[in-house]
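# Residue-level structure breakdown
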Amino acid sequence: METTKTTEAVEKNTILIADDAEINREMIKFIFDEQYNIIEAEDGEQAIRIIMEYSDKLCLLFLDLLMPKKSGLDVLSFMNDEDYINYIPVIMITGEATDETDEKAYELGASDIIYKPFAPNVVMRRAKNIMELFEHRIYVERKLEKRTRQLRESREKLERSNEFLVNALSSVVEFRSLESGEHIQRVKYFTKLFLKYIMKFYPKYGITKDKASLIVNASALHDIGKIAIPDSILLKPGKLTGEEFDEMKKHTLYGCELLEKFKQDENEFYHYCYDICRHHHERHDGKGYPDGLKGDEIPIWAQIVSVVDVYDALVSKRVYKDPFAVEEAARMIIEGECGLFSPEMIDCFGLAKQELFAVTEGEFSFADVMVK
């Protein structure tokens, strides 16, 4: 191996010429010696050692196809296995190529193939083009990686802010309405459970893991509008009058007004919160409120929260009622006694029923299920 420049220069601009024929190395070296630092290898094994040592300094590799110990194709295979091929452009140099070896070289990531004998000006131009393309590609990839990292950090920061806001607002609702402190956490868990089956069996809705995470957090705000309902209605132990019920139904609209005040921009999370808050009392047959939506007019995330909210309300003790047994609550939902739900929601309810019952009846602690 021969290094023709100082170590300081090698760090800037280095070409490796791997060829067992000294005359070929000298010809390529003559073309590039004035502008680049040159390192030479006499066989494939030596080329691999140099690549490992100087990988962050090499801007180009001239690689002979047929060499002792390891061939040019062997070196390309090594570069693929160790991911060097994505950062060091390779020009194969050969006088004995076939269509098969050419195809294999390109499959392994060679940027170009030059056949002996070669014209110096052509070699220089093709090498320059390849190095410039690689340099530009790496620059773009690094910019993209940096931007992706910044977007990921921004999203994580936004998710932390969203979670803090959700927890704060949902805690106000729990305190205000005197509901069980676990109600909102159960709704979140049940929503997550339903989404698991929606993603598995109903891909048509396009729910991804990232979307599901946002929907679960948004579900905690389904009753945020209850903050605006008078105590005389919200905490009334008996049946509401018609006028009182009409006022109670407005919590869906009050919640949306409140969300508008906290809105920072029209992002995906805000839309999930808004849809769930406004539409979690809509029903499949159009007999819900506040907008009388029916069927697929109701966003799927609002449909999910609607079912799990009804289920939890049925099996929970409230100021105006005792809890129903889980089997009775399930029967009431499936038979439409609490309003009509879509076939997809009833299907998901059946799939999730045993897990819902297990949480409700306390067969394992609620804290445990939340960490799954």
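Residue positions within a chain follow its written sequence, with the count starting from 1. Restriction of local features to residues with pLDDT of at least 70 applies here, the model being predicted, together with a cutoff of 80 or more for giving and counting side-chain atom pairs; totals for whole chains, interfaces and linings are based on all residues. Computation of side-chain values covers all heavy atoms of the structure but excludes hydrogens and water.

## Regarding the side chain of Glu344
Filter applied, for reference: Runs of E in the DSSP output that reach at least two residues are strands. Runs of H or I that reach at least four are helices, and both are numbered from the N terminus. Burial classes follow relative accessibility: with a 1.4 Å probe on protein chains only, a residue under 20% of its type's maximum area counts as buried, one over 50% as exposed, and anything between as partly exposed. Two residues qualify as a contact provided that any one of their heavy atoms is within 4.5 Å of a heavy atom in the partner residue.
Turning to its location among the elements, Glu344 is positioned in helix 15 (residues 343-360). Its relative accessible area of 14% is what places Glu344 among the buried residues. The residues touching Glu344, leaving out its near neighbours within four places in the chain, are Tyr202, Lys204 and Tyr205.

## Describing the sheet that holds strand 1 (residues 14-18)
What counts here: Each pair of strands is called paired provided DSSP finds at least two bridges between the two strands. Helix axes are fitted only over the stretch in contact, all axes being lines through C-alpha atoms; the angle between N-to-C directions runs from 0 to 180 degrees.
The parallel open sheet is built from five strands, whose spatial order is 2-1-3-4-5. Pairing within the sheet leaves two strands with one partner each, and these edge strands are strand 2 (37-41) and strand 5 (112-115). For this sheet the average axis-to-axis angle between neighbouring strands, irrespective of direction, equals 20 degrees. Here strand 3 (residues 58-64) runs beside strand 4 (residues 90-94); their pairing, made up of four bridges, is parallel.

## So, helix 4 (residues 72-81)
Among the residues making up helix 4, those that are buried are Gly72, Leu73, Val75, Leu76, Phe78 and Met79. Its buried side turned inward, helix 4 meets helix 3 (44-54), strand 3, strand 4 and helix 5 (99-107).

## As for a negative patch on the surface
What counts, and what does not: Patch construction takes residues with relative accessible area above 30% that form no salt bridge. Like charges are linked within 9 Å, and nonpolar side chains (Val, Leu, Ile, Met, Phe, Trp, Tyr) are linked within 5 Å. Computed by Shrake-Rupley with a 1.4 Å probe, the accessible areas treat only the displayed protein chains as cover when residues are assessed. Think of a salt bridge as a Lys or Arg side-chain nitrogen and an Asp or Glu carboxyl oxygen that are within 4 Å of each other. A positive count includes Lys and Arg, and a negative count includes Asp and Glu. His and the chain ends are not counted in either. Lys charges are placed at NZ, Arg charges at CZ, Asp charges at CG and Glu charges at CD.
Residues Asp99, Glu100, Glu103 and Glu107 make up a contiguous surface patch of negative charge. For Asp99, the position within the fold is in helix 5.

## What about the state of the cysteines?
Simply put, the disulfide is a covalent bond whose two ends are the sulfur atoms of two cysteines. The criterion, for reference: To count as a disulfide, a pair of cysteine sulfur atoms needs to be within 2.5 Å.
Per the counting criterion, the structure on display carries zero disulfides. Just so you know, Cys256 is unpaired, no disulfide at all, and the nearest cysteine sulfur is the one on Cys277, 4.4 Å from it. In this structure Cys256 comes out as buried when scored by relative accessible area, which is 3%.

## Re the packing of aromatic side chains
The geometry of two aromatic rings is summed up by the distance between their centres and the angle between their planes. What counts, and what does not: Pairing of aromatic rings covers Phe, Tyr and Trp, the last through its six-membered ring, and needs centres within 6.5 Å; plane angles under 30 degrees mean stacked, over 60 mean edge-to-face, and all others mean tilted. Here, over-ring charges are defined by two tests on the NZ atom of lysine or the CZ atom of arginine: distance to the ring centre within 6 Å, and angle to the ring normal within 35 degrees.
A full pass over the atoms with the stated rule returns twelve aromatic pairs. Aromatic side chains Phe32 and Tyr36 sit 6.0 Å apart centroid to centroid with 65 degrees between the ring planes, which places their arrangement in the edge-to-face category. Side by side, Phe32 and Tyr36 carry an identical accessibility label, which is buried. Ring geometry for Tyr311 against Phe349: centres 5.8 Å apart, planes inclined by 65 degrees, an arrangement best described as edge-to-face. Note that Tyr311 is positioned in helix 13 (residues 300-315) and Phe349 in helix 15, a separation of 38 residues in sequence. Neither residue differs from the other here; Tyr311 and Phe349 are each classed as buried. Here the guanidinium or amino end of Arg137 rests over the ring plane of Phe134, the centre of that ring lying 4.7 Å away. When the ring centre of Tyr289 is taken as reference, the NZ or CZ atom of Lys249 above it lies at 5.4 Å.

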